Amino acid sequence: MARRCDVTGTRRVVVAARASGSAATADEDLGPSAKRERVFMDLNSASGVVLQVLTQATSQNTAVLKPAEEQLKQWETQPGFYSVLLNIVTNHTLDVNVRWLAVLYFKNGIDRYWRRVAPHALSEEEKSTLRAGLIANFNEPVNQIATQISVLIAKVARLDCPRQWPELIPTLVESVKIQDDLRQHRALLTFYHVTKTLASKRLAADRKLFYDLASGIYSFTCSLWNHHTDTFLQQVCCRDETAMSNSLERTLLSLKVLRKFTVHGFVEPHRNIEVMGFLHAVFERLKQFLECSRSIEADHVCRDRLEKTIILFTKVLLDFLDQHPFSFTSLIQRSLEFAVSYVFTEAGEGVVFERFIVQCMNLIKMIVKNYAYKPSKNVEDSSPETLEAHKIKASFFTYPTLTEICRRLVTQYFLLTKEELTMWEEDPEGFTVEETGGDSWKYSIRPCTEVLFIDIFHEYNQTLTPVLLEMVHSLQGPTNVDDTQTLLIKDAVYNAVGLAAYELFDSVDFDQWFKNQLLAELQVTHSRYKPIRRRVVWLIGQWISVKFKSDLRPMLYEAIRNLLQDQDLVVRIETATTLKLTVDDFEFRTDQFLPYLESMFTLLFQLLQEVRECDTKMHVLHVLSCVIERVNMQIRPYVGCLVQYLPLLWKQSEEHNMLRCAILTTLIHLVQGLGADSKNLYPFLLPVIQLSTDVSQPPHVYLLEDGLELWLVTLENSPCLTSELLRIFQNMSALLELSSENLRTCFKIINGYLFLSPSEFLQVYAADLCKSFCEILKDITTEGQVQVLKVVENVLKVNPVSGPEMFQPLLPSVFRGIISGERYPVVMSTYLGVIGRILLQNKSFFSLLMNQMACEIGQKPDQLLGHMIEMWVDRMDNITQPERRKLSALALLSLLPSDNNIIQDKFCGIINISVEGLHDVMTEDTETRTFKDCMLLSTFEEPKLTEEEEPPTEQDKRKKLLALKDPVHSVSLQQFVYEKLKAQQELLGEQGFQALMETVDTEIVTQLQDFLQGF
């Protein structure tokens, strides 16, 4: 399908309407007027074809739907397609679903093809035609389509307004004045979406354009809003529901426009009289609308929109405060008076609703906590605006005001509601999933009240601490179980004490309170007392990391054990949470907890089985994981039941990936606690690892990170390699291709296999691994390069004979790096470590590699060897690890004895490195005045552990045994130097050897003689 542009600029869809290519040829011979006529005909004929395909695309039959979608996709880039779509959208006689689909395709096309630089971009002429057509008539009868057209116009405006589309705003301004209800509403809807889009642009030039726009039409927008608002308030008295609804919708839309201009349209809005006039008017209008709400019942057609409008008024204030805190200064007093009056006095009774209360509280919170209003410690460093704002706050928040706010928050808003108590009974697990964290305080009443309390208490704690403590003292001793109201107030007060724990540190003796009252409250078992039992155990959890004596912990563990057997599920779940906080605390001591471990673990496991909701099971699993992690190996006798249950839970959670993540975390801690005994879990454990780390399986998106961690700890604690554990490594090749943030863990897993069973592992996977490493090294960071080569170094450690051959393709680049003098010290150090191991432990392969590289570079092998030794000596300071420094000395010394002229020529450098190595590793025995190589390991001994230290894993033991075979830890450098020099002396004779030694600096020779005393 050919793409052509006509002189009129209309892009044309040359579809079945065009009978043949001859029409296109004939078109070239037509004059301008004839062409325009031809375009019109083409548009009409193309519309029929596109209309038919759009109709098919709305079908529920996939056999019809799919080909239609494919055809539309092809037409997206064709001339005239969007002109045809606009014709279809604006033809109100057509099917609504077809028009809806047409407007969506048009909208998506703007994103893809409207920009000049886009592939298949629309021509400027056609865009001009489309822009004119979009704002020709605001008369769309269907609300949903009208909204989409408005969004579509806004998208074009974002790219073209005002430069290419200067007439848009004037057209909208004129159109919102029209008396026709439908046209006026559609124009106002478009005006809002355009304003919203333009306000969101952030480049400086775009901001300047928006400031100009705002200053030009702000006055008109204010009068428009006032007009629609007054009209609505007048119609409320007439009780004409349709007229009320229409006016309220226009009030809402004009207020949305005004909100964008007010918040984003001025650099210094406080200097603009109209802006500040509007903001002050917001308070009056809010009062009027709140009074209106008394007469508009909950089931009234306007009720929902009325509440939206009231909330929008508060959003204007909140947004303005957020964007322009200093411009808001003159509104602080009035905002606080308004919000506190409606939320904390009788003025709000009968008019306020939950969402409005939340907004008012957020307004108070933002003023209280606003850093712009807090003077510096040194008052002279504060700006006059800050001091002014602080002064207004201080004059408002007097002792009586603060006391009343605090009392109301606690005794009114903190109280458990009837709905919450009903939920407690009917859906206890749903009740325990509290809506906290994140931004929940912006939208939900309970988190909102609690966050406001915390912020006010923090800001005015000296004033409010005595008020809260007085409330606590008034509730001393057990409360009558029949006095429901007092029980709820006590719950609320204890909640406040928990939230303000850090502020009350110096004012509350929590240890005494715990012993003298709280413990007794936990022992009241009556069912009506359960809110207090739940709140007290929560309260202890809040204070455990703030102030709680270590010697009281056994008493707390006793209480927790009893509460985990409480008859109420909510109490048990809350108790589990407090147990986690207690066990996870810095001052936790295993010896205090061990007497309670068996019973606690059993009760937690019973709770895990009992709860049904995914979120609750996750929560209890996290508690169990935490306990297992803290007591480590002590958990072994008690995990049998959990080990049997987890496979069932895994199967049940197939659709709940987050629960499966929690199971993986639990398994990680379980394997660490079980150590080598974790082998008994393999029938369940290994398929879990297989699934979690298989990138071809969809769940890996959620499970991969925890799955890799589990794989790693399984290897670290494995006593031996099983065929199933070896088979899982098939997943690794695809994981290495991902090159994600998990690469480091992947390398650790590979090392785990190398330490576990090197010969068996490398026999199966060495070739694939080498291939993957070659690919990775083509495009990886310096740090990643080092990680790969460390794995190769471990291969050479565990298998010095066949390892170099297995990873031979990697070695030339390492050798070239040394010869060329790799500029990154950490990379050079790793290169030298790899080549050093080959030189020391596999001399025959080193010779082959040297010959290969000499042939490749075009030098003689001896020359290349000399160059390498020279670079090694020169860059020895790049090596910082003592092990690698000793390895370098051993490797270069291994070239001796030699009568090779090149090696003898570099003898001085080899001795220099050897002496440096001796300085690094030799320690002097002060009594015998002899030197000893501190890196030598003699026998493998189980280290004696303190209580704080974790026992060694199976992998730690394997690494220790490997170290015993490593020349770095098994060969005395002092002895090695002596033997090599002795052999060189015997090879050259005394005279030749002395001549060689004379090439070495006398100071170095002296130091060498000191180290070799006694030989």
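Structure: above.
Residues numbered from 1 in each chain as written. Predicted model: local features only at pLDDT ≥ 70, side-chain atom pairs only at ≥ 80, totals over all residues. Heavy atoms only, no water.

K.L.:
Is there a simple way to explain helix α6 (residues 124-134) in this structure?
P.N.:
Side chains that are three or four residues apart share a direction in an α-helix, a result of its 3.6 residues per turn. Among all positions of α6, only Glu126, Lys127, Leu130, Arg131 and Leu134 are buried. One side of α6 holds all its buried residues, which, seen down the axis, span an arc of 140°. Looking at the packing, one finds that the buried side of α6 touches α4 (81-89), α5 (96-113) and α7 (143-160). (Buried < 20%, exposed > 50% of the residue type's maximum accessible area, 1.4 Å probe, protein only. Helix = DSSP H or I, 4+ residues; strand = E, 2+ residues; numbered from the N terminus. Arc of directions from axis to C-beta. Contact = heavy atoms within 4.5 Å.)

K.L.:
Please explain the environment of Val814 as it appears in this structure.
P.N.:
Tracing the chain through its elements places Val814 in helix α39 (residues 811-819). By relative accessible area, Val814 is classed as buried at 2%. Sequence separation of Val814 and Met828 is 14 residues, and the distance between their C-alpha atoms is 8.9 Å. If we ignore the near neighbours within four places in the chain, the residues touching Val814 are Leu789, Tyr831, Val834 and Ile835.

K.L.:
Quick question: what am I supposed to make of a negative patch on the surface here?
P.N.:
On the surface, Glu426, Asp427, Glu613 and Asp615 cluster together to form a negatively charged patch. Positionally, Asp427 belongs in the loop between α18 (418-426) and α19 (428-432). (Patch = residues over 30% accessible without salt bridge, like charges linked within 9 Å, V, L, I, M, F, W, Y side chains within 5 Å. Areas by Shrake-Rupley, 256 points an atom, 1.4 Å probe, with all protein chains shown as cover. Salt bridge = Lys/Arg side-chain N within 4 Å of Asp/Glu carboxyl O. Lys, Arg positive; Asp, Glu negative; His and termini not counted. Charge placed at Lys NZ, Arg CZ, Asp CG, Glu CD.)

K.L.:
Sorry, what's going on with the pattern of salt bridges here?
P.N.:
According to the stated counting rule, one finds 48 salt bridges in the structure shown. The closest approach of N and O atoms between Lys177 and Glu174, which form a salt bridge, is 3.4 Å. Taking relative accessible area as the criterion, Lys177 reaches 42% and is therefore assigned partly exposed. For Glu558, the salt bridge identified is with Arg561, shortest N-O distance 2.7 Å. Of this pair, Glu558 and Arg561 both sit in helix α25 (residues 553-563), three residues apart, which is roughly one turn of the helix.

K.L.:
Would you take a moment to explain the side chain of Thr309 for this structure?
P.N.:
Tracing the backbone shows Thr309 in helix α13 (residues 303-323). With residues near it in sequence (within four places) discarded, Thr309 still touches Leu248, Thr251, Leu252, Leu255 and Phe289.

K.L.:
Would you explain helix α29 (residues 640-652) in this entry?
P.N.:
Considering bend angle alone, the principal kink of α29 is centred on Leu646 and spans about 30°; proline Pro647 follows within four residues of it. When we look at burial in α29, the residues that qualify are Leu642, Tyr645, Leu646, Leu649 and Trp650. In the core, the buried residues of α29 are packed alongside α27 (590-610), α28 (614-631), α30 (657-674), α31 (682-692) and α32 (700-716). (Bend = angle between axes of the 7 residues up to and from the residue.)

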